[in-house]
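Chain by chain, the residues run as shown.
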Amino acid sequence: MATDNALGEFIKARRGRIPPSRAALPAPGRRRVAGLRREELARLAGISEPYLVRLEQGVDRHPSPQVLRALAQALELDADGAAHLFALAAPEPVGPSRTEVTADVHQLLDAWVGTPAYVRDRRFEVLAANKWARALAPMYELGHNLARDVFRDPAARRLFPDWPQIAAQTAAALRAEADPRDPGTAHLIEELRTDDDFRDLWARHDVRPSRDELKRFAHPVVGELALRRQALTVGGAEQQVIIVYQAAPGSASAAALARLI
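Reading the values: the criteria
- Each chain carries its own residue numbering, running from 1 in the direction its sequence is written.
- Given that this is a predicted model, residues contribute local features only at a pLDDT of at least 70 and side-chain atom pairs are listed and counted only at 80 or more, while totals for whole chains, interfaces and linings are drawn from all residues.
- In computing side-chain properties, one takes all heavy atoms of the structure into account and sets aside hydrogens as well as water.
- When the centres of two rings from Phe, Tyr and Trp lie within 6.5 Å, Trp using its six-membered ring, the rings pair. Their planes under 30 degrees apart give stacked, over 60 give edge-to-face, and anything left gives tilted.
- Secondary structure follows DSSP: runs of H or I at least 4 residues long count as helices, runs of E at least 2 residues long count as strands, and numbering of each begins at the N terminus.
- When accessible area is computed with a 1.4 Å probe and restricted to protein chains, residues below 20% of their type maximum are described as buried, those above 50% as exposed, and intermediate ones as partly exposed.
- Counted as over-ring charges are cases with an Arg CZ or a Lys NZ within 6 Å of the ring centre that also lie within 35 degrees of the ring normal.

A. Structural view of the packing of aromatic side chains. Within this structure, the stated rule accounts for eight aromatic pairs. Judged by centre distance (5.4 Å) and plane angle (55°), the ring pair of F160 and F217 falls under tilted. With F160 in the loop between α9 (154-159) and α10 (163-177) and F217 in strand β3 (residues 213-219), this residue pair connects regions lying 57 residues apart in the sequence. Of the two residues, F160 and F217, both sit in the buried class. Look at F217 and Y245: their rings are 5.3 Å apart centre to centre, the planes differ by 85°, and that puts the pair in the edge-to-face class. Of this pair, F217 sits in strand β3 while Y245 sits in strand β5 (residues 237-246), and the two are 28 residues apart along the sequence. The same class applies to F217 and to Y245, which are both buried. The ring of F124 has R120 sitting right over it, with the charged end atom 4.0 Å from the ring centre. When the ring centre of W163 is taken as origin, the NZ or CZ atom of R157, which lies over that ring, is 3.8 Å away.

Spelled out as structure tokens, the structure:
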């Protein structure tokens, strides 16, 4: 997969997802493209069609903030999608993640007694995990890649009762947080594209970072758990993210967590 034109690919993909009717554009005759034509998006964004062609083909890769704001509005991007659009237009890709997890962060993970917590980077590589996270799922072991496990490990499909939703969230979070221009990320995406489910989800160009969400597990030993996920950025190492799972106090999931160790 070519990753040197990530901005153009994103604009083109999102253009194809907007029905002309929603953009209040007439659709006379038979349309050969899904969504908006180039000239229609250019008109909505207030830019010339030749300039939009240059953006989509990767000839111009660094449009001005004004153009990006106009495109974000015309493409009906939410805040996450707009932030991704601006990031793709940055002159340089985000550098590789810092892989060293400080002793203070290790201490923090271990201090969360009965609370699964781990650290991952923006490529979804697990950098550290406490023993409750490792007991919750093998995919939280050091060195695992969460996106690879979700799509390539059959055990993950058994672990998550809502696997289609988890898979969609994983693809959208990977797109939001990892830079496809980074060689390591590009290699991971190329590998994952051999999976039909990932390939279809990646082609949607959905963008949504990991957030506070309820996640269900079907653990082979302690049974079903419903855990609230929190994503926290590590101060001084913004490429690292702490993921914490919490059960509602007094719930059956809290009791199940207590039996993990």
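Let us keep going from here.
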